[in-house]
Amino acid sequence: MKTMDNTKKVVLAIGSVGIIVGVVGLFNSTGLMEQFFPLYTGFTLIGITLLHKEANPKAL
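In this text the structure is predicted, and so the values were computed from the model without any measurement.

> Run through the packing of helix H1 (residues 2-28) against helix H2 (residues 36-51), naming residues and quoting values.
A pair of packed helices is characterised by two quantities: the angle between their axes and the separation of those axes. The interhelical angle for the contact between H1 and H2, taken along N-to-C directions, is 150°, at an axis separation of 7 Å. Accordingly, the angle class assigned to the pair H1 and H2 is roughly antiparallel. Considering the relative orientation of H1 and H2, their crossing is left-handed. On H2, the residues touching Lys8, Val11, Leu12, Ile14, Gly15, Ser16, Gly18, Ile19, Val21, Gly22, Val23 and Leu26 of H1 are Pro38, Leu39, Gly42, Phe43, Leu45, Ile46 and Thr49.

Structure follows, in structure tokens:
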């Protein structure tokens, strides 16, 4: 369980950094398409982490 918690924290941190890089890049660049990949990656990583449900062996 501790490994999964640490993994979730790392993935959330990477996703947050991606979103921050994308937003800062939006203010420094001319268009959204130049910063699409960091924003998409950040939101995807955070969404996957938040929606991930661990298997509960007692419920089976």
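Read on for the rest.
> I'd like a description of the side chain of Gln35, backed by residues and values.
Within the secondary structure, Gln35 is located in the loop between H1 and H2. Look past the residues within four positions of Gln35 in its chain and what remains in contact with it is Val21, Gly22, Gly25, Leu26 and Ser29.

> So what's going on with a nonpolar patch on the surface? Which residues, and what values?
A surface patch of nonpolar side chains, amounting to about 380 Å² of accessible area, comprises Met33, Phe36 and Tyr40. Note that Phe36 resides in helix H2. According to the relative accessible area criterion, Phe36 is partly exposed, its value standing at 43%.

> Go over the environment of Asp5, please, and point to the residues and values.
With respect to the helices and strands, Asp5 occurs in helix H1. Sequence separation of Asp5 and Gly42 is 37 residues, and the distance between their C-alpha atoms is 19 Å.

> Would you mind going over the packing of aromatic side chains in detail, with residue names and values included?
Taken as a whole and assessed by the stated rule, the structure comprises one aromatic pair. Centre to centre, the rings of Phe36 and Tyr40 are 5.7 Å apart; their planes meet at 20°, and the pair counts as stacked. Taken together, the positions of Phe36 and Tyr40, both in helix H2 and four residues apart, correspond to about one turn of that helix.

> So what about the side chain of Thr49? Which residues, and what values?
Position of Thr49 relative to the elements: it lies in helix H2. At a separation of 2.8 Å, a polar atom in the side chain of Thr49 contacts the main-chain carbonyl oxygen of Leu45. Leave out the neighbours within four places in its chain, and Thr49 touches Lys8, Val11 and Leu12.

> Describe H1, naming the residues involved and giving the relevant values.
Between its first and last C-alpha, H1 extends 39 Å over 27 residues, near the 39 Å set by a 1.5 Å rise per residue. Of the positions making up H1, those classed as buried are Gly15, Gly18, Ile19, Gly22 and Gly25. Where H1 is buried, its residues contact H2.

Rules of the game
Residues numbered from 1 in each chain as written. Predicted model: local features only at pLDDT ≥ 70, side-chain atom pairs only at ≥ 80, totals over all residues. Heavy atoms only, no water. Axes fitted to C-alpha atoms, helices over the stretch in contact; angles between N-to-C directions. Helix = DSSP H or I, 4+ residues; strand = E, 2+ residues; numbered from the N terminus. Parallel < 35°, antiparallel > 145°, perpendicular 65-115°, else oblique. Left-handed = near helix turned anticlockwise from the far one by under 90°. Contact = heavy atoms within 4.5 Å. Patch = residues over 30% accessible without salt bridge, like charges linked within 9 Å, V, L, I, M, F, W, Y side chains within 5 Å. Areas by Shrake-Rupley, 256 points an atom, 1.4 Å probe, with all protein chains shown as cover. Salt bridge = Lys/Arg side-chain N within 4 Å of Asp/Glu carboxyl O. Buried < 20%, exposed > 50% of the residue type's maximum accessible area, 1.4 Å probe, protein only. Phe/Tyr/Trp six-rings, centres within 6.5 Å; stacked < 30°, edge-to-face > 60°. Polar contact = N/O pair within 3.5 Å; in protein donor to acceptor, adjacent residues only side chain to side chain. Expected span 1.5 Å × (residues − 1).

No statement about biological role is implied by the geometric values presented.
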